[in-house]
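# Residue-level structure breakdown
Single-letter residue listing:
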Amino acid sequence: MALTSQDIARIANLARLELSENESERMLAQLNGFFGIVEKMRAVDTAGLTPLAHPVAAIQDVPLRLRDDVASEPDQREANQKSAPAVERGLFLVPKVIE
Amino acid sequence: MTSKLIQGYEVVIGFETHAQLATQSKIFSRAPTAFGAEPNTQACAVDLALPGTLPVMNREAVACAIKLGLALGSHIAPESIFARKNYFYPDLPKGYQISQFEIPVVQGGEVSFYLGDEKKTVRLVRAHLEEDAGKSLHEDFIGQSGIDLNRAGTPLLEIVTEPDMRGTEEAVAYAKELHKIVTWIGICDGNMQEGSFRCDANVSVRKPGQPLGTRREIKNLNSFKFMQQAIDYEIRWQIEQIEDGHAIQQATVLFDPDTGETRAMRTKEDAADYRYFPDPDLPPLRVSQQWIEDLRAQMSELPRSMAARFVAGYGLPEYDATTLTQSKAMAAYFEAAAQACGSPKLASNWVMGELSRRLNSEEIGIEQAKVGSAQLAALIGRINDGTISNNAARQVFDALWSGEATNVDAVIEAKGLKQMNDTGALEKIIDEVIAANPDNVAQFKAGKDKAFNALVGQAMKASKGKANPQQVNELLRARLAAL
Amino acid sequence: MSMTSTALHDLGVAQLAQALRERRVSAVEAAQHFLARAQAHQNLGAYVAVNADATLAQARAQDAAIAAGTAGPLAGVPIAHKDIFVTRGFPSTAGSKMLAGYQSPFDATVVTRLADAGAVTLGKLNCDEFAMGSANENSAVAPVGFEAPAPVRNPWDTDRIPGGSSGGSAVAVAARLAPAVTGTDTGGSIRQPASFCGITGIKPTYGRASRYGMIAFASSLDQAGPMARSAEDCALLLSAMCGPDPDRDSTSLDMPAEDFGRTLNDSLDGLRIGIPAEFFGEGLAPGVRAAVDAALKEYEKLGAKLVPISLPRTELSIPVYYIIAPAEASSNLSRFDGVKFGHRAKDYADLVDMYKKTRSQGFGDEVKRRIMIGTYVLSHGYYDAYYLQAQKIRRMIADDFQAAFRQCDLIAGPVAPTVAWKLGEHGSDPLADYLADIFTLPASLAGLPGMSVPAGFGEGGMPVGLQLIGNYFGEGRLLNAAHRLQQATDFHLRQPGGL
C-alpha cells in the first residue's frame, strides 16, 4: 500500500515536522521503499497471539511495580530549568496558547 | 424513563469527570501534589520530561481507583494497561499523556440519586487512571503564555458515563452525587475551585425516536452553577441551530461564565488522532482479589448503603435518607441525634430543615454547626415529652445557635417556653373559645374543617402559645363532638 | 615499582584496576594519560565532550578512596560514556543539535553505578543521533577538536565507518582512548560497532541494566552495556552496571546484581552451540563467513558441540524492528518541543510554527525519517496492521528462540553480513543500513543477551566479530564462552597500526 504526498503532509503535521518540498518528495520515496519491505510482515498469520511488550514477558511474568506514596522530590527548579529556552518568574514561556 | 422535552427535542447528556486523587505524590513521580505552590517548584525531572526520565507508578493512586470501583459496584480489572495518548501542547511535557485506553482499571458501575421523587441511575462505562497536564497562564504575558508544570503528573481518575442523562437537572444531580461519593470515600478533596473535580459534558439533542444527534463537548466545568448554565445554553443553542437548518458539527466547546455562552474551541484537524499504544515504560497493572478485599474491608459504609440502612432501620423516606447521606459528617450528625433522642424522623426534619437552612445561609459545613447533635437530641426530647411546642423549639434552637446559651432546659426556663400541660386550665380555655366563637362552631358542625383551625388558633392565642397544640386539638374535638 | 605510562593503555581493565589498587599508578595519572591520548587522536571523532577539571576531580577523589581503603572494584579506572547517557558534569547531546549544550541535572543510573564502583569519567562519546544509525554517520554534533560534525573513523581503516550507533564508544576502545566504555544497544548498536572495530561488547538481557538516564530511543529495546577489549573487562563493567532500579525504571527487572565474571573460566565441555541456518545464507561476505567458521572450529576444539538450529523468522525481524522501534521513538521524541529544554527555533509565527521549526531544525534526516515511520504506523487505521502485528510477530520470534534453546545453550553466528564499509558508501539509502542489521535484530526483539567477540579479519583486513546469543539472564555463560575463545585466540589483543 503506497503512501501519497497527502499522507506525508498529514504525518509531518501530526509529528510537528516541517518538510520542504524536496524533503517531502524524498521522504515519500524513502517511506514507500521502506513499506515495500514491510508488506511481507502483514501477511503473517498471527491469530491468537498476544503482543510481546516487555521482552522478558516471553518467559516470565513482568508486572508493574508500585511505589509508596511519598513526596520525596525536593524543589530543584533552578537546576531543572538550566537548559530552558525561555523562562520568566519560574514559568516556561511559549508563544501564546490560543484556545 | 421520563424525558422532559425541550421544544420537542430530547436532550442526551453523558459526562466525563476528572477527579484529582488526594495522594501525597504524583502518579508517576515523587514530586508533591499540594495546590498553590510557586510555579515549577513541584515539577521534578520526570514531570518535566527531561531526557532519560521514566515513570514509576504510585500505589495509592491505584488504591483510589479500586475504592471508587467498589463504591460504584464496578468490575475491577485484574490486569489493565497504561497507554500513551500522543499530542503536542505546551502543558503536556512529554508530548503524550500516560492514560489508559483499551483496558481501564475500573469497568462499568453506576451512580444512583434522586431527582425530586424519582430515582435515577446513570451507568458508568469506565473509570481509568491518567496523569494531569500542567497549566497555561496568559494574563501577565503579552503574546506569550507562561507554563507551570506543577500540576503535570497529578493523578486523575477519568470517570466516563453512558449518555444516560436526559436533562440539565439530572446532569447536575449526577455530578453532585459523584462529587459526594469521591469525597465521601476520601479519594478526592472535591475542591472544585482548585480544579480537583472537573466535568466535561457531552450534549446532543434529537427528536424522540431518532438516532443520537451529533454531540458537542463542553469542557472543564468546575462549578455546579456553571454546569447548569452551560448545559442549558448549549441545549438552546443546538436546538436553535437545528431549527435554523444548520447541522451540528462535532466540537469541543468552552463555557464563558461572563457571557453565559458556550463557544467552540479552535478546531485542530488532527486532534482526534492520538495514536494510542501501550506505554512500553509501564508493564501491565495487576490488581489482586486480595488487594480488593483488603480495601473493601477498610472502606466505611458507602452513602447508598447507609441511606438504605436509614430507610430500613429508621423508617425514613428515601428522600430523607438521601439528603442526610450527602456527606459523612451530616450522616454522622443525624445518627447521633436520632439515636440519642429516639425519634429519627424528627431528627431528620430538624437536620434537613432548620440546621441545613442555617448552614447554607452562613456558608459553613456541618462540622462548624453551632448546635451539636447532642443538643439537638435534647431539644427533640423536650418536644417529644410535651415540654415545649414546635414553635417554642425553634426559639430554643435560635438561642443555642446564637450562642446565648448551651443548655436546652436552661433556655426553656429562661424564656418561659414551657407548654401548658395542665388539662384543666386548657379545658377552661377551650370552653371559653367555643363560647366566644359561635359562628366558627356552627361552620365546623356544618362540615367546614377550616373553622376548626380557627378555633385552634384562638385557643393557642388565649394560652399565649403555651398550650400543647396536640392537646388543644384533642380536647377541642372532644368538646365539639359532645355539643 | 612504578608503571611506565606508555603501557597504561595496553592494560585491560582488570590489570589497570589492580595497578591502581596497589597504587603503582594513581587515578590522576591514569586519567591524564587517557585524556592525552584522546586529544592526540581527535581526528577519529570519538569524543564529543571532555572536561579535564571534572575528570581530574573525580580521579583525585578515587585516589583518596584508594588511600583510605574505601575504594570500589573499579576505583580510578577511567571510562567514557556514550552520549546517550545523561551526566551532570558533562553536556548530554544524544548526538543531536536538539540537545546541543544540554546540562542534565541528574546522572543516568548506569553512570552512577559505575561511579559508585569507582570509575572516573573521561568524557562523552560520539554516537548516531538518538542512537539511530548503523555507521555513526548520523551524528549532528561536533567531535572534540572540530567546529562541525565530522566523520567518526574506524581506527583499523580511517576511511571506513566504525559502525553504529555506539561508534564513538567502539572507536575509543579500539584506539585505546579509554580502557572501557559504555554503549547502548537497541538493534545491535553495541554488537555491530564492536564487531567492526575488533573489540568486545555485550548487551545484557532487557531489563537487567536500568534505562533511567538513557535518552530514550525505543523503550522496549534499549539496553546499556559495556564495550572493552576483552570479555573479562566487560564482565567487570557489566557487574557494576546491572542491577534492579525499582525506584526509577519500571521495566528494570528484580534480578539482583551479579558477578558476571564468576564463571569466566568454566569449561566449555559439552556446551551446545546452536548455528542458525538463516544466519549463514547468501548475503554473508566470504571473509566474514571464514572468520566466523574458524571461531566455531575453535569452540569445537574447546569441547563445544555445534548444533544446527533454525530461527525461521530471522528475515521478518527487519520489518518488525523497523516498525516497533520508530513507533516508540516517534513518541519518545515528542518531548523535544522547544518548551522546557533543548533547541528552540529563533523565529516563528506562532506555537505550532515554533514546534515545527524547532523540531525540523533540531532533528537530522534519519531521525525525521523514523519519526515519520513511527507516527504513520501508530496513526488511526494503521495501528492493528503494523504496530500490533509487529508486536505479535515479535512474540513468535521470542518463541522461536525458546524452541532453539531447548536444543542448545548458546547461539552463535555473524554479527553483520559484511565488514565495516567505506565512509559515505551507503549514501542516502537508509534501507541498506536497515537490511544489514538482520543478525542483531532478532536478539534485540526477544530481549536476549548478546555479545560480539573478535573472531578474526575479513575483507580489507577489517575486523570480524562473532555474535553469541544467550538465553534470558545468561550473561555469565556468554562471557564465559567469549573468555575461553579469547584464551585460545589473540584477535582481541590485536591493535590497529599507528596508534
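The structure under discussion appears in the preceding block.
First, a word on what this report is: a plain description of the structure on this page.

Calculation notes
- Residues numbered from 1 in each chain as written.
- Chains lettered and ligands numbered in written order.
- Predicted model: local features only at pLDDT ≥ 70, side-chain atom pairs only at ≥ 80, totals over all residues.
- Helix = DSSP H or I, 4+ residues; strand = E, 2+ residues; numbered from the N terminus.
- Rg over C-alpha atoms; globule rule 2.2 N^0.38 Å.
- Buried ≥ 20, exposed ≤ 12 C-beta atoms within 10 Å, placed from the backbone.
- Contact = placed C-beta atoms within 7 Å.
- Nonpolar A, V, L, I, M, F, W, Y, C, P; charged D, E, K, R; others polar.
- Expected span 1.5 Å × (residues − 1).
- Arc of directions from axis to C-beta.
- Pairing = 2+ DSSP bridges.

### A short note on the overall build of chain A
Within chain A, the regular secondary structure consists of 3 helices and 3 strands. Its helices and strands in sequence order give chain A the pattern α-α-β-α-β-β, from N to C terminus. In terms of overall size, chain A is more extended than a compact globule, its C-alpha atoms giving a radius of gyration of 23 Å where 99 residues would be expected to give roughly 13 Å. The burial tally for chain A puts 31% of its 99 residues in the buried class.

### Comments concerning the overall build of chain C
For chain C, the helix and strand inventory stands at 15 helices and 11 strands. Relative to its length of 499 residues, chain C is compact, with a C-alpha radius of gyration of 21 Å against a globular reference of 23 Å. The dimensions of chain C, computed from C-alpha atoms along their principal axes, are 70 × 55 × 45 Å. When the 499 residues of chain C are sorted by exposure, 66% land in the buried category. Restricting the contact set of chain C to residue pairs at least 6 apart, pairs at least 24 apart contribute 78%.

### Observations regarding the interface of chain B and chain C
Size of an interface: often given as the accessible area lost when the parts come together. The interface of chain B with chain C comprises 26 residues on the first partner and 37 residues on the second. Here the side of chain B that touches chain C is built from residues that sort into 18 nonpolar, 3 polar and 5 charged.

### Section: helix α7 (residues 328–341) of chain B
Residues and elements named next belong to chain B. Taking 1.5 Å per residue as the helical rise, α7 with its 14 residues ought to reach 20 Å, and the 20 Å between its terminal C-alpha atoms agrees with that figure. Here α7 has its buried residues at M330, A331, Y333, F334, A337, A338 and C341. Seen along its axis, α7 keeps its buried residues to an arc of 160°; they face one direction.

### Here's the deal with the interface of chain A and chain C
Taken together, the 43 residues of chain A in the interface contact 60 residues of chain C. Elements that contribute at least two residues to the side of chain A that touches chain C include exactly α1 (5–14), α2 (21–42), α3 (77–80) and β3 (91–95) of chain A. When its residues are assigned to classes, the side of chain A that touches chain C shows 28 nonpolar, 8 polar and 7 charged.

### Topic: the sheet that holds strand β11 (residues 144–148) of chain B
Within the open sheet, the 4 strands sit side by side as β2(A)-β3(A)-β11(B)-β10(B). Their pairing is antiparallel. Pairing within the sheet leaves two strands with one partner each, and these edge strands are β2 (87–88) of chain A together with β10 (135–137) of chain B.

### Points about the pairing of strand β8 (residues 305–309) of chain C
Inspection of the sheet shows strand β7 (residues 272–276) of chain C paired to β8 of chain C by 5 bridges, in the parallel sense. Looking at β8 of chain C, one finds that I273 of chain C is bridged to L306 of chain C.

### Digging into helix α10 (residues 390–402) of chain B
Residues and elements named next belong to chain B. Helix length check: α10 (13 residues) gives 18 Å between terminal C-alpha atoms against 18 Å at 1.5 Å per residue, within 8%. By the burial criterion, the buried members of α10 are A392, A393, V396, F397, A399 and L400. All buried residues of α10 project into a common sector of 160° when viewed along the axis, lining one side. Exposed positions of α10 whose direction lies more than 90 degrees from the buried face are N391 and S402. On the buried face of α10, the contacting elements are α8 (344–362), α9 (373–384) and α11 (408–415). Backbone geometry just downstream of α10 places G403 in the positive-phi region, at approximately 85°.

### Considerations on the environment of V205 of chain B
Residue and element names in this part refer to chain B. Inspection of the secondary structure assignment puts V205 in strand β13 (residues 197–206). Each C-alpha atom, one on V205 and one on T121, is 20 Å from the other, the two residues being 84 residues apart in sequence. For V205, the residues in contact, after removing those within four places along its chain, are Y9, E10, V11, G213, I235, Q238 and I239.

### Re the pairing of strand β11 (residues 463–470) of chain C
Residue and element names in this part refer to chain C. Counted residue by residue, β11 has 8 buried out of 8 residues, so it is predominantly covered. Taking every second residue as pointing to the same face, both faces of β11 are buried, with P463, G465, Q467 and I469 on one and V464, L466, L468 and G470 on the other. Where strand β9 (residues 410–414) meets β11, 5 bridges bridge the pair, whose relative direction is antiparallel. Its bridge partner being in β11, L410 is matched across the sheet by G470. As paired elements, strand β10 (residues 450–457) and β11 share 7 bridges and run antiparallel to each other. Considered in β11, the bridge of P454 is made with G465. Between β10 and β11, which pair antiparallel one after the other, the connecting turn spans 5 residues, and G460 there sits at a positive phi close to 70°.

### Some words on unusual backbone geometry
G164 of chain C connects to S165 of chain C through a cis peptide bond whose omega is 5°. Here S165 of chain C lies in the loop between β3 (120–125) and α5 (167–174). In this model, R16 of chain A sits at a positive phi of 55°, which is unusual for a non-glycine residue. Its 24 C-beta neighbours within 10 Å are what place R16 of chain A among the buried residues. Positive phi outside glycine occurs at N136 of chain C, with the angle close to 60°. Residue N136 of chain C is classed as buried on the basis of its 33 C-beta neighbours within 10 Å.

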